Each structure stands twice: as structure tokens, then as C-alpha cells.
Amino acid sequence: MKLKKIALFCTIFALTPLVSCGGEKENDDPNNNNNNNNNENQTVAVKGIDLSIDKNEITLDEVANLTVTFTPSNATNKEYTFTFDSSLMSITNNVVEPLKVGEGEIKVISKEGSFEDTVNIKIVEPEEDIMVSSEELISNLTSSPYSDEMETENFYGLDNASEVGVIESKMDDELYPVPEDGTVYKASDYGITAENLINNSEKLNVLINDIRNVEGNKIIEFEDVIYTFNSTINIKDISDLYLVGKANTKFVYTGWLTYLNASNTTNLHLNNIKFDMDPAPTIVGTVKEITDKGQTADIVLSIPEEFDLTDPIYESWKSTRQISYAECYYDELADWYVPNRDGNLFYNNPASYGIDDMVYSDANKTLTVTLNKSFAFYSYKEPEIGTVASIGFTVYEFFGFLFSDCENTYIENVTTYTAAGMGLRANGGKNMYLNRTNFMHNPDSKRILTCTADIIHTAALEGELKITNSIIEGSHDDGLNIKTYYTRVTANRGSKVIQVSQTQSEVAVGYEVGDTVDVYSSDGLEFKGRFVLEDVQDLGGSYILTLDGSLRNATGLLVGNHTKATRMTLDNCLIQNKRNRGILLQARESVIKNCTFMNVNMGAIQVLGVGDQFAEAIVPQDITIYNCKFLNSWDSCRNFTYGYDGKSFPRTLLNLEIYNNFFYNGVGVDTYLQGVGDAEVRNNFYYKDSERAINSTGNLIQLSYSDNVSIKDNRALIVGSEKEVNFVGEGTSLTNINLENNEFLEE
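Residues numbered from 1 in each chain as written. Predicted model: local features only at pLDDT ≥ 70, side-chain atom pairs only at ≥ 80, totals over all residues. Heavy atoms only, no water.

**Student:** Looking at this structure, how should I read the overall build of the chain?
**Tutor:** A tally of helices and strands in the chain yields 3 helices and 60 strands. Counting only residues that meet the buried cut, the chain has 56% of its 747 residues in that class. Of the contacts made within the chain by residues no fewer than 6 positions apart, 71% connect residues no fewer than 24 positions apart. Counting every atom, the chain has about 31,200 Å² of accessible surface; 44% of that belongs to carbon and sulfur. Looking at charge distribution, the chain has the averaged site of its 58 positive side-chain charges lying 4 Å from that of its 109 negative ones. (Helix = DSSP H or I, 4+ residues; strand = E, 2+ residues; numbered from the N terminus. Buried < 20%, exposed > 50% of the residue type's maximum accessible area, 1.4 Å probe, protein only. Contact = heavy atoms within 4.5 Å. Areas by Shrake-Rupley, 256 points an atom, 1.4 Å probe, with all protein chains shown as cover. Lys, Arg positive; Asp, Glu negative; His and termini not counted. Charge placed at Lys NZ, Arg CZ, Asp CG, Glu CD.)

Structure (C-alpha cells):
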């Protein structure tokens, strides 16, 4: 709008003390007693006026607020006028709105006594957005897993490009400090020292047991040294215990076992400790020779001096046949090795053997790995000489940390370099908080694997799970597996009464009066209803549940406990260099934000509810994923449900929001939705400059079995490919789908 260059002076009259420019009538004089009839008609004269402004400089898209104060505060007549340049600004209800750039004065004049006061204001242009080219934007977003403090206009789709990815400055945040009050126990006073190579574990266990009943905080302090442990630290039936190290405190274990086993604890803290094993359950080697024997192939690996495979512990894999072999490639951005999905990824489990044998030659420092080509899950490809391979001599036998029925567990600034199985396992319990809890490769070692199974695995953890400012990398299986379980209806005992039994023996799902439960069919997880429990009878392994509504023909249906499902926050974490998934999430009311998923080979994020043979899920609901980077990963963000027969129904996974994320060269479908309802995918940016990254369907986003889904304001840039790419692929059983303003950008 053009403004006439005519300077007019505007006068505003406060007609009554109750209008906003004059303020409310004040009666705060302690000598003014409204109940005193003698003073009811007394007039208090104005002796002065004061004008203040909350901002002396504003931009054209801001406002300023004026405050008028009378002296005395109980003056009777509080009427006043403003004078100002009406071509520069307007004033309504004491709010200054700018009209153009310039400087001016605002004067207030009291009606009684003509007292005056003034303030000055400067109006400036707003700072212009820094416009970067698409090439600069991609370079900024992909040069690091961390966020870049760039400012861009919203023509790339993103709400805010500067907020995408891990915020590096937060990685040092301390959230759960050690309290100053409590009883301090110096580890060295109890014989727990760096020099003790035999029984530090025994002495620490004795100390923990002895102080179990001490009131208040119990703080065990460790020195800035390396401690040797030969058995598990056991913590049971204790509250308010802190194990606290210093900057370089390190626990090194001489066996493949669990570092710490805690059960029935409350307010347990681990702070400032590093964990490692020697000898390590994982090694690496470089392919030196290959001999093809038809049904098998011998891969001869050259083994670094770091690993002494003459130690008899390395022969223990033969008793369980649990082992993994993964060929890796070096990634410049990660500056480390990544399991190669196009290379050989073989492993053993009780049902199938991908690795027939391993023979070590100490004279040649070589390990010959015999791969069975009939292994069902991967096809053999002859590796190139010089290929780096990672070996895990265990898979699921142990846990780095095992927490069973623990409440309010805190782990901060704890780094684990390897675990002979899962990194951290929580069975049941309530509330777990992990900050700067890293599972990462040791910079002083050539090892690639951190954990030989999942890294963080929680089963039926009730309440909050907060994982912040952490690095999670390099495991054989999932980076995070956050789940609970269904129970199955085994009998109807009335229109409102059902009997349920556990679907697995791993962790028992419990119920209490007042819990809210959701009921689904097993064939497709079709939603059948939500109920509140009015009565619960525990039969030991099964329950009789009285619902607040009728549920007919319920036998065989699946029941999930909404109240006790995990509520997870994954904030500012780097998940990278993964053979399997980044995170498998089966939770409620959960958030994944400001995370970077880099080089994840099988689903960077999988939010899913399934009714398969594992029975290890509750259908997720109310999930938000935003401000995340997905770099060079497979099937970056998959959100889906299905029953035991693979069938899906719409409106199973409800209330899903995915926004302000950056997808770079993801192989497969970047955003996948199946069985969802009430979902929104908006303001995401998709970029591909690799033929391999464009899947066979050519769809960036894939929909099926979904209702009430909005996909809008997303952008994509496809560079140097002649393959046809579609923004959205629409599959079966779709209703109420809104596709709006999704655009491909020009190169």
C-alpha cells in the first residue's frame, strides 16, 4: 500500500478513565478509604504524568506498547491525549503499529494540568531472509549430521531449515546432576581400585548390599582411573543410589557378561562412566583371500594385532552358534564404517546357519570364515579383496545393562563401547531417563560393532522414556526397540467381562482398575473399542477384566493397555551406521525430534503395530516426528500396521504428524503410511541425486489403507535422473485424502 507523504499530527482523547488508553481507574492509595463517607466526594488533583514504551526500536512487522502513569496514582481525572506523526504510525488502545520506516516522537498530555511526557521510537525494515540456492541448502544440510544455523525462506518446503538435525550445542547439556546432599562413599575406601585386578566386582557388590537400607542419597564415587571387573555389578531392592565417576572413569570387564543388573530399584543413577570389554566380543578383519567351494565360500580375513583370537573365549560361539558376519564400507561423512547392505550380511540363529565355521591361524593372523550360501536371508556375493568385515561372536546372549522392574532410572554421560548382546534392556518398570548415553565405537579401537544385538531395548516400560543428546551407532540389530505387548482374549465371561492371557513369556503385561485398554482384531488389527477397567482379577498369568462397556464375541481379540504403554521422547540424538533399523517404536503419545538418522540399512524409523507371531506391539497413537534428517538410509520413515495374516485396516494407527524433516537419497519409500488415520505429512523436503535412491515405484510418499490423511506443502528436488518420480503413490482403501501444494522444484 502506498502511503501519502503528508505529515499529520493526530490527537487522541481519553473520553473516560475506563478506556484502554487511559487505563483502569486506580484505587491503590492506602489513605483512600472508599467506606469513609467523608471522603467519597474528595477530588485528588493531577500533579504529573509519565509515558514509557516497551521497545524504542521496532520493525515494520512488530508493534510497541505504551504505558501511561499518573502522579499521584489515585488522581481523579486520568484523561490524556497522544500527539504523534500519523503518517509514521498509528496508536490504538496504547498499541503502536508502524506504517513506514522512520523516527518519531510520541507525546502524552494530561487533560488536567496539561502535564507532558515523551518517548522516541525508531521504525526499521525487518531483516531480510538470507536466500540460499538449492545447491547451498543441500550442501548445508548434508555436510554434517548436525543442524546448520542458516536462514531460508520457506520455498524449500521446510518450516525452518536451521532446526533440522541434531543441535550440536545441546550435546553437552547436563540434565540430571548428582545432588549435593547425601552420604558419599569413596570407592577406594572399600578396596575398589585401579590396582585391584581380581575382585572389584565382589567388593562393589558388597558395598551396595551393605548400604541398601541407609536413608537418603547414597553416592558411590569413583576416581579418574580404569577399573577392572570380572563379574556383573548387581543392584537390587535399593533406592536413591548413585554410581558416579569422573571425566575418564572407565570400567573394563574381562568376560562377556552383563555390566550391571538392576532389579526393583527406585531413583538409580549412573553418571560419568565409560564401559568396555577386553577381550572384545566383536572384531574386524580385512578380506585377504576367497575360496569358492560351491555351496560354501571361505573368506580369509587378515586380523589386526589388536585382537588376540588365541583367547579361548572366542571358541565359545560354537556352543550357541550365535554369530554375525557383516561386510562394511567406509563413509566419509560418518568418518567410519557402515554395514554394506549390498555386501554379505550373514548370521546364525537357532533356526538357520549362515556361518558354518571359523578357523583362526595365529601364525598368519588370519581368520577363515566359512559362509553357507544356502542361508535364507541374504544371497552370497563374492567380496573384493580389501573389504573390511565385522564379526560378532555373540548375538543375544547377554545385556550390557539389564533393568527389571526399576522405577525412575537415570543415566547421564555414560558411554558404552561394546556389549556382548543388547546394550541396554529394560523389562517392565516405570520411567527411564537417558541423557548423553552413548553406544558408540571406541576411537582407540578398530571395532565397528558396538552391540551384537539391539542397542536400547525396552519391553513394557510404563510411563516416560526420555532419550536425549545421545549417539547410538553400529549394532547388529535395532538401534532402539521400544515396545510393549498385547494380551489375548481367551474367554467371554459376560457382555462386559473377558479373560485375557499373556501372548508371550518375555514380560508380563499387567492391569489395574482404572486402566484404559484398546481392543483390536488379530487379523488386521481392526479397532474394536476403547474401555476403562472397572474391576481386575489377577489369576496368575491371566486376568479377568470387567469393562465399562459391552464387547461381544471377544474371544481371540487382542487387548493393549493404553495407560501403561510407554510414552517416549527421542530428542537430539544421532543414530547412524546401522545394519538394521534405527528405531522400532510401538508406543503412545511419543515424539521424535531433532534427530539425525544416517546410513541406516533397514528402516530409519519404523512406527508400527503388528499382530504377528512376536506379539510384541501395541498399536502406536499420537506420534510426532519433526526436525529430523534422514541421510542415505533405507525406507526412512515407515508407519504401518498389519495383522497376523498381513491384512490392514484404516484408522488403526491414529494421530500421526510428520513435518519439517529432510530426506536425502533415501532408498525405498521415504514416507510410508499404511493402516493410519488422522495423519498429516507437511513441510518436508525430499532430495535425490542417485538413481539407486529412486525406488521401483518412483513414489516419495506411499499411502494405503488410510483415512483422513493430509499431505501438503512438501517439496522435492530430483537431480540428474530420467526415472519418473511421483510425489504420492495411492494404494488400496483410501478415504478422505487431501493432497495440496506438493511441488517438485526445478534443478
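And the narrative resumes.
**Student:** Help me understand the nonpolar core in this model?
**Tutor:** Generally speaking, a soluble globular protein has its nonpolar side chains buried in company with each other. Phe403, Leu570, Ile592 and Phe597 are the most contacted members of the largest nonpolar core, which has 134 residues in total. A total of 5 residues in this core trace back to one element, the largest contributor, which is strand β17 (residues 266-277). Aside from chain neighbours lying at most four places away, what touches Ile592 is Met568, Leu570, Ile583, Leu585, Phe597, Ile605, Thr624, Ile625, Tyr626 and Cys628. One finds Ala64, Leu88, Ile91 and Val108 within the second-largest nonpolar core, a separate group that totals 22 residues. (Core = buried A, V, L, I, M, F, W, Y, C linked by side-chain atoms within 4.5 Å.)

**Student:** Teacher, can you tell me more about the packing of aromatic side chains here?
**Tutor:** Aromatic ring pairs are described here by two measures, namely the spacing of the ring centres and the angle between the planes. On inspection of all chains with the given rule, the structure shows 40 aromatic pairs. A centroid spacing of 4.8 Å and a plane angle of 15° characterise the contact between Tyr410 and Tyr433, whose relative ring orientation is stacked. You can see Tyr410 sitting in strand β28 (residues 407-416) and its partner Tyr433 sitting in strand β30 (residues 430-439), a full 23 residues away along the chain. Grouping residues by exposure puts Tyr410 and Tyr433 together as buried. In this structure, Arg321 packs its charged tip against the face of Tyr353, placed 4.7 Å from the ring centre. Here the basic side chain of Arg638 rests over the ring of Phe640, its NZ or CZ set 5.4 Å away from the ring centre. (Phe/Tyr/Trp six-rings, centres within 6.5 Å; stacked < 30°, edge-to-face > 60°. Lys NZ or Arg CZ within 6 Å of the ring centre and 35° of its normal.)

**Student:** What am I meant to see in the pattern of salt bridges here?
**Tutor:** Proximity of charged atoms lets side chains of opposite charge pair with each other. Counted according to the given criterion, the structure contains 33 salt bridges. Of the charged contacts in the structure, one is a salt bridge between Glu315 and Lys318, with a shortest N-O distance of 3.0 Å. Looking at Glu315, the relative accessible area reads 41%, which means it is partly exposed. Residue Glu589 is joined to Arg567 by a salt bridge in which the shortest nitrogen-to-oxygen separation is 3.2 Å. (Salt bridge = Lys/Arg side-chain N within 4 Å of Asp/Glu carboxyl O.)

**Student:** Before we go on, may I ask you to explain the pairing of strand β35 (residues 487-492) in this structure?
**Tutor:** Note on strand geometry: in a regular strand, side chains alternate between the two faces of the sheet. Pairing analysis gives 5 bridges linking β35 to strand β36 (residues 497-502), with the strands arranged antiparallel. Directly across from Val489, in β36, lies its bridge partner Val500. Between the end of β35 and the start of β36, which pair antiparallel, lie 4 residues, with Gly494 showing a positive phi angle near 150°. Examined bridge by bridge, β35 and strand β40 (residues 558-561) share 2 bridges and lie antiparallel to one another. Following the sheet pairing, Thr487 is matched in β40 by Val559. (Pairing = 2+ DSSP bridges.)

**Student:** I tried to follow the sheet that holds β35 on my own but got confused; where do I start?
**Tutor:** Strand pairing in a sheet relies on backbone hydrogen bonds. The paired strands run either parallel or antiparallel. Spatial ordering of the closed barrel is given by β35-β36-β39-β38-β37-β40, a layout of 6 strands whose pairing is antiparallel. When strand polarity is set aside, the average angle formed by the axes of neighbouring strands in this sheet is 45°. Here β36 pairs with strand β39 (residues 542-547) via 5 bridges, running antiparallel. Across the sheet, Ile498 pairs through a bridge with Leu545, a residue of β39. (Axes fitted to C-alpha atoms, helices over the stretch in contact; angles between N-to-C directions.)

**Student:** What am I meant to see in the environment of Met358 here?
**Tutor:** Tracing the sequence through the fold places Met358 in strand β24 (residues 355-361). Met358 sits in the buried class, given a relative accessible area of 4%. When sequence neighbours within four positions are dropped, the list of residues in contact with Met358 reads Trp317, Ile323, Leu367, Thr368, Val369, Ile391 and Phe393.

**Student:** Explain the confidence of the model for the chain here, please?
**Tutor:** Interpretation of this model should avoid reading the predicted coordinates in detail wherever pLDDT is low. With 93% of its residues at a pLDDT of 70 or more, the chain has an overall mean of 91. Low pLDDT, under 50, characterises residues 1-39; the predicted model gives this stretch 57 contacts beyond four residues in sequence or across chains. (pLDDT = per-residue confidence, 0-100.)

**Student:** Even after reading the chapter, I still don't get the environment of Thr183, so can you show me in this structure?
**Tutor:** Of note, Thr183 is situated in strand β10 (residues 183-186). Sequence-wise, Thr183 and Leu745 are 562 residues apart; in three dimensions their C-alpha atoms are separated by 63 Å. When neighbours within four sequence positions are excluded, Thr183 is seen to be in contact with Val214, Asn217, Lys218 and Ile219.

**Student:** Could you clarify how one ought to interpret a negative patch on the surface in this entry?
**Tutor:** Taken together, Glu57, Asp61, Glu62 and Glu103 make up a surface patch of like negative charges. By secondary structure assignment, the location of Glu62 is in the loop between β3 (57-59) and β4 (64-71). (Patch = residues over 30% accessible without salt bridge, like charges linked within 9 Å, V, L, I, M, F, W, Y side chains within 5 Å.)

**Student:** Hey, could you run me through the sheet that holds strand β2 (residues 48-53) in this one?
**Tutor:** Here we have 4 strands laid out as an open sheet, ordered β2-β4-β7-β6, and antiparallel in their pairing. Here the strands that pair on one side only, and so sit at the sheet edges, are β2 and β6 (89-92). Strand-to-strand twist in this sheet, taken as the mean axis angle between neighbours without regard to direction, amounts to 25°. Pairing of β6 with strand β7 (residues 95-98) involves 4 bridges; the strand directions are antiparallel.

**Student:** Please explain the side chain of Thr265 as it appears in this structure.
**Tutor:** Locating Thr265 in the fold gives a position in the loop between β16 (260-263) and β17. When sequence neighbours within four positions are dropped, the list of residues in contact with Thr265 reads Ile235, Asp237, Ile238, Asp405, Cys406 and Glu407.

**Student:** Got a minute to help me understand helix α2 (residues 200-210) in this structure?
**Tutor:** Each full turn of the α-helix corresponds to 3.6 residues, which orients residues three or four apart in the same direction. Every buried residue of α2 is accounted for by Asn200, Ser201, Leu204, Asn205, Leu207 and Ile208. Taken around the axis of α2, the buried residues stretch over an arc of 160°, which confines them to a single face. Turned more than 90 degrees away from the buried face of α2, the exposed residues are Glu202 and Asp210. (Arc of directions from axis to C-beta.)

**Student:** Mind showing me how you'd approach the side chain of Thr468 here?
**Tutor:** Structurally, Thr468 can be placed in strand β32 (residues 462-468). Only 2.7 Å separates the side chain of Thr468 from the side chain of Asn435, close enough to count as a polar contact. (Polar contact = N/O pair within 3.5 Å; in protein donor to acceptor, adjacent residues only side chain to side chain.)

**Student:** Whenever I open this one, the pairing of strand β14 (residues 239-244) confuses me. Can you help?
**Tutor:** Pairing of strand β11 (residues 218-221) with β14 involves 4 bridges; the strand directions are parallel. For Ile219, the partnering residue across the bridge sits in β14 and is Tyr242. Two elements, β14 and β17, share 5 bridges in a ladder whose sense is parallel. Each bridged residue has a counterpart across the sheet, and for Tyr242 the counterpart in β17 is His269.

**Student:** Please explain unusual backbone geometry as it appears in this structure.
**Tutor:** Backbone phi values are negative for most residues with the exception of glycine, while trans is the configuration of most peptide bonds. The residue after Thr71, namely Pro72, is reached through a cis peptide bond having omega -10°. Mapped onto the secondary structure, Pro72 falls in the loop between β4 and β5 (80-85). Residue Pro279 is reached from Asp278 by a cis peptide bond, and omega for that bond is 5°. In this fold, Pro279 is placed in the loop between β17 and β18 (282-292). The backbone phi angle of Asn431 is positive, close to 70°, even though this residue is not glycine. Of note, Asn572 is a non-glycine position whose phi angle comes to about 60°, a positive value. Along the chain, the position of Asn572 falls in the loop between β41 (566-571) and β42 (574-578).

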